[in-house]
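Each chain, letter by letter, is given below.
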Amino acid sequence: MPSPLFTAARSQLIGAVVLAGCVLGQATGAGAEDAVTFNVIDDRGVAVTIPAKAQKVASVSYFAADVALALGLTPVATTYMVEGRHPDFLGGYLDGVKQIGQRATPNIELLAEAKPDLTVAIRRYTEGNAAQYEKVAPYLAYDLELYADSDRTIAQLATILGQPKRGQEINAAFKSDLEAFAAKAPKDKHPRFVVMWGGDIPWVFRSENMTAAILVALGGDNIAGQNPTPSVPGNWGMEMSLETLLEQDPEVIFVYDYGPDRPQENNPIWQQLSAVKNARVHYVGDHWVEAHGPVARQMVLREAAHLLYPDAFPAIDVKAEARKFIPASIQ
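Residues numbered from 1 in each chain as written. Predicted model: local features only at pLDDT ≥ 70, side-chain atom pairs only at ≥ 80, totals over all residues. Heavy atoms only, no water.

Caption draft 1: Quick look at the overall build of the chain. If you tally the helices and strands in the chain, you get 13 helices and 14 strands. Looking at the chain residue by residue over its 331 residues, the buried ones come to 53%. In the chain, the share of contacts with a sequence separation of at least 24, taken over all contacts with a separation of at least 6, comes to 64%. When the accessible surface of the chain is summed, it comes to about 14,200 Å², and 53% of that surface belongs to carbon and sulfur atoms. (Helix = DSSP H or I, 4+ residues; strand = E, 2+ residues; numbered from the N terminus. Buried < 20%, exposed > 50% of the residue type's maximum accessible area, 1.4 Å probe, protein only. Contact = heavy atoms within 4.5 Å. Areas by Shrake-Rupley, 256 points an atom, 1.4 Å probe, with all protein chains shown as cover.)

Right, here's the structure in full:
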């Protein structure tokens, strides 16, 4: 039987998806329907003027590419997570899109060659080079860490791209799907889990983090818990030694797959973990890292349900499933 705190947190996480655009100022037209610009406030608190008919989106991280594809638009440029690895969760439709480098170190010259109307980026990777991005095109920087970041950024970007109603429909559909999956999850099981970057000392994510929040909404019990200092909004993750991880001993471990270098596996403590012994360590794809977009979060929801409760939910083919959420005009 989950505690009242757990139940309340789960309800809050499921319900939070209805809050779209409450944190940021909504994109607003400069005048009537024939306005030529939008005025938008991004997560830096910076007012950005964007062409009202912007359609050529460059995506520093996969988020804007995800939103664009869900709206039936192909981005003009994108970064990658791991060089040479195209994300299955975007259906293979980025294979011909201009690559401008790794998401933390994009090439500004390649970005300029793509001639975007708008560049959308993760704030922590690009804020220091804002002036360079702004010389190429209007530049929006989003935090994209917490569960609460997802709906509001999707709603805002959909509005900027001329499809506000579709953005609302996408958010409503995810809320409905999340509730349906949570309702189907076994009520007598709450698998202990952790989501992490691997390393000699892994970095684990608290329950406010997007991927962890989906797992909690499905009934999982995050050993990293919630942010103990809500007044410190950036406290969404922490280092956790393998010794502490063994003390908590999660039943399921989700590791962001960043390539073949997996130093945590070289530590003898790793082999003592129940999840390792029971083959319940899952190296998960790029959509788990960048889960805020319309397609990514749907794929995480479906994969997470299966990996937490393999007897209750089927495994999915991520690329095939993702294509169901991308309009036929792209295909």
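Now that the structure is up, let's keep going.
Caption draft 2: Summary view of the packing of helix 2 (residues 63-70) against helix 6 (residues 149-160). The geometry of helix 2 relative to helix 6 is characterised by a closest axis approach of 10 Å and an angle of 60° between their N-to-C directions. By the angle between their axes, helix 2 is oblique relative to helix 6. In terms of crossing hand, the pair formed by helix 2 and helix 6 is right-handed. Of the residues in helix 6, those in contact with Phe 63, Ala 64 and Val 67 of helix 2 are Thr 153, Ile 154 and Leu 157. For the contact of helix 2 with helix 6, the per-class residue count stands at five nonpolar, one polar and no charged. (Axes fitted to C-alpha atoms, helices over the stretch in contact; angles between N-to-C directions. Parallel < 35°, antiparallel > 145°, perpendicular 65-115°, else oblique. Left-handed = near helix turned anticlockwise from the far one by under 90°. Nonpolar A, V, L, I, M, F, W, Y, C, P; charged D, E, K, R; others polar.)

Caption draft 3: A look at the pattern of salt bridges. Scanning the entire structure with this criterion turns up 18 salt bridges. For Glu 179, the salt bridge is made with Lys 175, and the minimal N-O distance between the two is 2.8 Å. Of the two residues, Glu 179 and Lys 175 are both situated in helix 7 (residues 164-184); the distance of four residues between them amounts to about one turn of the helix. Taking relative accessible area as the criterion, Glu 179 reaches 34% and is therefore assigned partly exposed. Under the relative-accessibility criterion, Lys 175 is labelled partly exposed at 24%. Between Asp 257 and Arg 262 there is a salt bridge, and its shortest N-O distance comes to 3.8 Å. Connected via shared salt-bridge partners are Asp 177, Arg 302, Glu 321 and Lys 324. (Salt bridge = Lys/Arg side-chain N within 4 Å of Asp/Glu carboxyl O.)

Caption draft 4: Here's a closer look at the pairing of strand 9 (residues 192-197). As defined by bridge partners, strand 9 adjoins strand 11 (residues 221-222) across two bridges and the pair is classed as parallel. Along strand 11, the bridge assignment pairs Arg 192 with Asp 221. Relative to strand 13 (residues 252-256), strand 9 runs parallel, the two being bridged by five bridges. Within strand 13, the residue paired with Val 194 across the bridge is Ile 253. Examined bridge by bridge, strand 9 and strand 10 (residues 203-205) share two bridges and lie antiparallel to one another. (Pairing = 2+ DSSP bridges.)

Caption draft 5: Region of interest: the packing of helix 6 against helix 7. Between helix 6 and helix 7, whose axes approach to 7 Å, the crossing angle comes to 155°. With respect to helix 7, the element helix 6 is oriented roughly antiparallel. The hand of the helix 6/helix 7 crossing is right-handed. Of the residues in helix 7, those in contact with Asp 151, Ile 154, Ala 155, Ala 158 and Thr 159 of helix 6 are Pro 164, Gly 167, Ile 170 and Asn 171. Per-class residue counts for the contact of helix 6 with helix 7 are five nonpolar, three polar and one charged.

Caption draft 6: Local environment of helix 2. Within helix 2, eight of the eight residues are buried, leaving the element largely enclosed by the surrounding structure. Within helix 2, burial applies to Phe 63, Ala 64, Ala 65, Asp 66, Val 67, Ala 68, Leu 69 and Ala 70. Looking one or two residues past helix 2, Gly 72 carries a phi angle of roughly 90°, positive in sign.

Caption draft 7: Examining the sheet that holds strand 6 (residues 98-102) more closely. Strand order in the open sheet made by the five strands is 6-5-4-7-8, with parallel pairing throughout. Taken across any chain shown, the strands that pair with only one partner, and hence form the sheet edges, are strand 6 and strand 8 (139-142). Within the sheet, the average angular offset between the axes of one strand and its neighbour, ignoring direction, is 20°. Two strands pair when backbone bridges link them, and strand 7 (residues 118-122) and strand 8 are joined in this way by four bridges, in the parallel orientation.

Caption draft 8: Fine view of the packing of aromatic side chains. Taken as a whole and judged by the stated rule, the model has twelve aromatic pairs. Look at Trp 197 and Tyr 258: their rings are 5.3 Å apart centre to centre, the planes differ by 85°, and that puts the pair in the edge-to-face class. With Trp 197 in strand 9 and Tyr 258 in the loop between strand 13 and helix 10 (274-277), this residue pair connects regions lying 61 residues apart in the sequence. The cationic tip of Arg 124 hangs over the ring face of Tyr 125; the distance from NZ or CZ to the ring centre is 4.6 Å. A cation over an aromatic ring shows up here: Arg 262 above the ring of Tyr 283, its NZ or CZ 3.5 Å from the ring centre. (Phe/Tyr/Trp six-rings, centres within 6.5 Å; stacked < 30°, edge-to-face > 60°. Lys NZ or Arg CZ within 6 Å of the ring centre and 35° of its normal.)

Caption draft 9: Layout of the nonpolar core. Ile 50, Leu 157, Leu 218, Phe 254 and Trp 288 are the most contacted members of the largest nonpolar core, which totals 75 residues. Among all residues touching Ile 50, those that are not within four sequence positions of it are Val 36, Thr 37, Phe 38, Val 40, Leu 118, Pro 138, Leu 140 and Ile 160. Counting 15 residues, the second largest nonpolar core, distinct from the first, contains Val 204, Leu 242, Val 255 and Val 276. (Core = buried A, V, L, I, M, F, W, Y, C linked by side-chain atoms within 4.5 Å.)

Caption draft 10: Geometry of helix 8 (residues 210-217). Most of helix 8 sits out of view: eight of its eight residues are buried. Among all positions of helix 8, only Met 210, Thr 211, Ala 212, Ala 213, Ile 214, Leu 215, Val 216 and Ala 217 are buried. Where helix 8 terminates, the next one or two residues include Gly 219, which has phi positive at roughly 105°.

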